[in-house]
Amino acid sequence: MAGSGEARLAGSLSLGARVCWQEREWEVVAWQGVQVTLLPQDGEEAPRAVSYRWLVGADDFAVVSGGEAPGMDGAALNGWGRQEGREEAALWQARMVEIDTGLAPGRSEHARGFGPETTLAQRCAAMSARLATEGVPYSPHTLADKRRKWKAAGENAVVLLPRPREGRPGGFTDPRCLTAMQEVVARRTHDSDVTVDVIREEVEDLLHARYGKELGDPAAVAALLPSRSTFYLRMKESGLADALGRPTRARAALASTPPLPHGGSEPVLRPGRVTQADTTPLRILARGDDGRPTATEMTSLVDVSSHSVCALMITPSRAGDAEHGRATRAIDLTLMLAQAFAPWPVMPGWDPLSAAATSSLPFGALRAADERFTDATAARPVIRPELIVYDQGSPYVSEHFTEVCGRLRIARRPARKRTPTDKPLVEHFFTALAHRFSQYVLHGWQGRSHKKRGRGIDRMPLYTIAELQQMAQEWVALEYQQTPDAGLRDPFRPHIVLSPNDMYAVQVARSGYRAVPLSPAENRFFLLPRWVTPGKGGFMINYRTYQPVAQDAAHYREILLRGGSRLPGGNDQWECRFNPYRPERVWLYDHTADTWVTCDFRLRHLLYDPWTADMWQEHAEQHRAAGGSEQDEEAIALALAQRDRRRRSRRPPPKRTGAEPLFQGLELATEQPSQDPYASLEEFDLSTLRPYPAQPISPMAPPSAPASSSLPAGSDDEGPTSGSGQAPHPLAALFPDDGDGSGPQALTAKAPASVDEIVDAELLDDPDPDGDDSDEDVSDLGEM
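Below or above, wherever it landed, is the structure these notes cover. (Residues numbered from 1 in each chain as written. Predicted model: local features only at pLDDT ≥ 70, side-chain atom pairs only at ≥ 80, totals over all residues. Heavy atoms only, no water.)

## Digging into the nonpolar core
Generally speaking, nonpolar side chains in soluble globular proteins are found buried as a group.
Then comes step 1: Counting 64 residues, the largest nonpolar core has L301, L337, I388, F539, I541, V586 and L588 as its most contacted members.
Then comes step 2: Considering each element in turn, this core owes the most residues, six residues, to helix α11 (residues 330-339).
Then comes step 3: Within the second largest apolar cluster, 33 residues are counted, among which are V274, A378, A415 and L425. (Core = buried A, V, L, I, M, F, W, Y, C linked by side-chain atoms within 4.5 Å. Buried < 20%, exposed > 50% of the residue type's maximum accessible area, 1.4 Å probe, protein only. Helix = DSSP H or I, 4+ residues; strand = E, 2+ residues; numbered from the N terminus.)

What follows is the structure, given as structure tokens:
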């Protein structure tokens, strides 16, 4: 019985089928090409791989149970109808087996023209004749080609089925029209819903405006737009019609989705290759600059490969009343980004175990490669980010943050809105921060919800923003970076759980470390830019007048003599950088020489306490509400100084450990190291000092000869005095009046006359070092 009749259902052999072979029962467990792997059911023998033709050609072969032909599962039939494709594949499988072996599956006798004495070509001709009688014309050459294709695919009949025709995206519609359709629909994202007819009219207008001049002929432009029915069909095929029918919020969410890939799902094997940044409320109350409780939020940058915290920044968040708070801004992001390029210092009072020398970091190798690593460096690695995955908040897409990332060659990848899975590591860090750090801040912790908030939180002595920043940095260096993380494993030691510092030590040994220290001149590009027009009395930023320091007065004079900046699109203005948290000093950038001119606030001597641009703006608004002008910088500076004096004279707050600095952001190394001008001089012997002989002054003595002037020809330092009774400045000839009575750029804002007072020594070497003619040589630039 075996090997004959219906028992030999070789065509129904499939995975999981039970067969009888060599007087034993086997199970088909694998099928690869022409090899079939059989597993004995008695368990006395290992699995065996045999040839399919050898198996089904055996006399004692029989299929006990099982279903379908090999290679005819649902996955192989992808693209066809399941039932129709299965039947057609089984039919072609039987035909190919009969052409190849001469014996049809399930039969014990050869059909006519398929006997053992026939060749392959004769069997192909016989099968062609049989198909012709059935109304399926196939030539013998076509059947021979199908057999070769079937054998190359491991005798899988699915490859013989005709593949469904793949539709061309957009059909024969011009790609330029398809692009215009997407742009018009994107414009309507936040608008009310419209019909497809309105979209078609706007697409037609866009095509004429964009390609009218290029094509020249209006008929050629009209040919880019398909017919009305085809336009409707393309809108439906591309999904644009469905997008128009969605609610406004759904359309906005769809339009804000960035292109693939989302987040950072690719494998990362070196530090800094991919980092994730995000901002979240900290749920800790702090004492603001005005002494009132203010909410806080934190922005952090986490490395994907080692889970290390590259940088973090705590800032006041915007409360219900915008007057008493502010949210994270672009300058806060850039100051946070600057932390990733330099080691953290160990602050006074920190735990000794928070130092890098006592941690698992390769401190010796890092110290040899980077001289910035010292015994006072915190246990946090310096990781230079190469790619930042960020959300779509306004600070992250701002022009300033984009410019800084481009200057530092840092790539940026947006994540989807309201999709925390695109940046899971930084979200996990926020959770760890709330559980392991925030709840141990006794003064100011608000709890995880309003129901669990303690009583009297806003009345207790609160920490300042700067104190919270230092506390968070100490916690990161002491606990987070040195705590094992279950998600960090070494491929060569998978059974050992590593901490972020341990993982960094493993990865930096493979990828290496290269120090990238930033000079003070490079750090200044982290600051906010302003375009100003330098004048004889200085220049203004937010109605504050800045004037060059004495060391850079000559350089500033060269900029004035040069005129405009001549930058394309710069309107002859010069670039200036300033820190809104330390606005008492700014830097004017000279792009022609790639140097900086240091300028100070004109009334800096009135403000001894730290102040910020927000504090200045607050007092300017108060002065304007009282009937004054925002341009009256002297009154605003005096009010700001008196505010600090009143704050110091009030009853001090309860005593706490640590200092109470104002929120000043991150301190960047933007200042050049000062040089001692007397360092190279030898020690002077005071015993050799002799008094200078005094000269008698007689009223009858002739007047002394005037000192030789160092001014250009045509200038006069003793010209007629101005209407205010003061002599004109010696540099008045270098800056002739335009004749319209307008002053410099700093004076156009109706500032007081004292705004232009600059000592002559700052812009010009004193021609009389003895000081005999000081009344004539020192004058006011504002009278020019």
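## Some thoughts on the packing of aromatic side chains
Here a ring pair, both rings aromatic, is described through the centre-centre distance and the interplanar angle of the planes.
Then comes step 1: Scanning all chains against the criterion turns up 18 aromatic pairs.
Then comes step 2: With 5.3 Å between their ring centres and 90° between their planes, W92 and Y138 make a pair best called edge-to-face. Here the residue W92 occupies a position in helix α2 (residues 82-101), and Y138 occupies one in the loop between α3 (120-133) and α4 (140-152), the gap between them amounting to 46 residues.
Then comes step 3: Looking at Y138, the relative accessible area reads 25%, which means it is partly exposed.
Then comes step 4: Seen in terms of ring centroids, F601 and W611 are 5.8 Å apart; in terms of plane orientation they differ by 55°. Their pairing is tilted. Here F601, found in strand β20 (residues 595-601), pairs with W611, found in the loop between β20 and α19 (613-625); they are 10 residues apart in sequence, far enough to count as distant.
Then comes step 5: Classification of F601 as buried rests on a relative accessible area of 2%.
Then comes step 6: Lying across the ring of W92, K146 places its NZ or CZ 4.9 Å from the centre. (Phe/Tyr/Trp six-rings, centres within 6.5 Å; stacked < 30°, edge-to-face > 60°. Lys NZ or Arg CZ within 6 Å of the ring centre and 35° of its normal.)

## A look at empty space enclosed by the protein
Then comes step 1: A full pass over the atoms with the stated rule returns one cavity of 30 Å³ or more.
Then comes step 2: Space inside the largest cavity adds up to approximately 30 Å³.
Then comes step 3: Grouping the amino acids of the lining of the largest cavity by side-chain chemistry returns three nonpolar, two polar and one charged. (1 Å grid on protein atoms, 1.4 Å probe; cavity = no way out; pocket = protein on both sides within 12 Å on 5 of 7 lines; lining within 4 Å. Points joined across faces, edges and corners; volume = space filled by probe spheres on them. Nonpolar A, V, L, I, M, F, W, Y, C, P; charged D, E, K, R; others polar.)

## Description of the pattern of salt bridges
Then comes step 1: Counted by the stated rule, this structure contains 29 salt bridges.
Then comes step 2: When the shortest N-O distance is used, the salt bridge between E155 and K151 registers 2.9 Å.
Then comes step 3: With relative accessibility at 5%, the residue E155 sits in the buried group.
Then comes step 4: Residue E634 is joined to R602 by a salt bridge in which the shortest nitrogen-to-oxygen separation is 3.4 Å. With E634 in helix α20 (residues 633-649) and R602 in the loop between β20 and α19, the pair connects residues that are 32 residues apart, well separated along the chain.
Then comes step 5: A residue is classified by how much of its surface remains accessible, and E634, at 27% relative accessible area, is partly exposed.
Then comes step 6: Using a relative accessible area of 13% as the deciding quantity, one classes R602 as buried.
Then comes step 7: Overlapping salt bridges, with partners in common, bring together D100, R147, K151 and E155 in one network. (Salt bridge = Lys/Arg side-chain N within 4 Å of Asp/Glu carboxyl O.)

## Remarks on the sheet that holds strand β19 (residues 582-590)
Then comes step 1: Read from one edge to the other, the open sheet built from six strands follows the order β15-β18-β19-β20-β17-β16, with strand pairing classed as antiparallel. Of all the strands in the sheet, the pair left with one neighbour each is β15 (528-532) and β16 (539-541). Put simply, the sheet's adjacent strands are angled 40° from each other on average, direction ignored. (Pairing = 2+ DSSP bridges. Axes fitted to C-alpha atoms, helices over the stretch in contact; angles between N-to-C directions.)

## Looking at the packing of helix α6 (residues 196-215) against helix α8 (residues 228-237)
Then comes step 1: Interhelical geometry of α6 versus α8 gives an angle of 105° and a closest axis separation of 11 Å. Here α6 lies roughly perpendicular to α8, going by the angle between them. Residues V196, D197, I199, R200 and V203 of α6 form the contact with α8, whose participating residues are R228, F231, Y232 and M235.
Then comes step 2: Residues of the contact of α6 with α8, tallied by class, amount to six nonpolar, no polar and three charged. (Parallel < 35°, antiparallel > 145°, perpendicular 65-115°, else oblique. Contact = heavy atoms within 4.5 Å.)

## Examining a nonpolar patch on the surface
Then comes step 1: On the surface, a cluster of nonpolar side chains totalling about 370 Å² of accessible area is made up of F684, L686 and L689.
Then comes step 2: Looking at the element boundaries, L686 is found in the loop between α20 and α21 (760-763). (Patch = residues over 30% accessible without salt bridge, like charges linked within 9 Å, V, L, I, M, F, W, Y side chains within 5 Å. Areas by Shrake-Rupley, 256 points an atom, 1.4 Å probe, with all protein chains shown as cover.)

## Remarks on α8
Then comes step 1: Those residues of α8 not exposed but buried are F231, R234 and M235. For α8, the arc enclosing every buried residue in end-on projection is 100°, short of the 170-degree limit, so these residues lie on one face. The outward face of α8, more than 90 degrees from its buried face, is lined by the exposed residues S229, K236 and E237.
Then comes step 2: Buried residues along α8 sit in contact with α5 (175-187), α6 and α9 (240-244).
Then comes step 3: Note on α8: the residue one or two positions beyond its end, G239, has a positive phi of about 85°. (Arc of directions from axis to C-beta.)

## Considerations on unusual backbone geometry
Then comes step 1: Positioned with a positive phi, H307 is a non-glycine residue whose angle comes to about 60°.
Then comes step 2: Here H307 is to be found in the loop between β9 (296-303) and β10 (309-316).
Then comes step 3: For N542, which is not a glycine, the phi torsion comes out positive at approximately 55°.
Then comes step 4: Locating N542 in the fold gives a position in the loop between β16 and β17 (544-548).

## Quick notes on the pairing of strand β12 (residues 411-414)
Then comes step 1: As paired strands, strand β11 (residues 387-390) and β12 are joined by four bridges and run parallel to one another. Within β12, the residue paired with L387 across the bridge is A411.
Then comes step 2: Crossover β11 to β12 through helix α13 (residues 399-407) is right-handed. (Right-handed = clockwise from strand over helix to strand, strands pointing away.)

## Thoughts on the packing of α3 against α4
Then comes step 1: At a minimum axis separation of 8 Å, α3 and α4 run at an interaxial angle of 115°. In terms of their interaxial angle, α3 and α4 are classed as roughly perpendicular. Like other packed secondary-structure pairs, α3 and α4 cross with a definite hand, here right-handed. For the pair α3 and α4, contact is made by L120, C124, A125, M127, S128 and L131 and by P140, L143, A144 and R147, respectively.
Then comes step 2: Of the residues in the contact of α3 with α4, the class split is eight nonpolar, one polar and one charged. (Left-handed = near helix turned anticlockwise from the far one by under 90°.)

## Quick look at the sheet that holds β12
Then comes step 1: Spatially, the five strands line up as an open sheet ordered β10-β9-β6-β11-β12, and their pairing is mixed. At either end of the open sheet lies a strand with only one pairing partner, and these are β10 and β12. Direction aside, neighbouring strands of the sheet carry axes that sit 20° apart on average.
Then comes step 2: On top of the sheet, α11 reaches β9, β10 and β11; it is set at about 150° to β10, its chief contact.
Then comes step 3: This element, helix α15 (residues 465-478), spans β9 and β10 of the sheet and lies at about 160° to β10.

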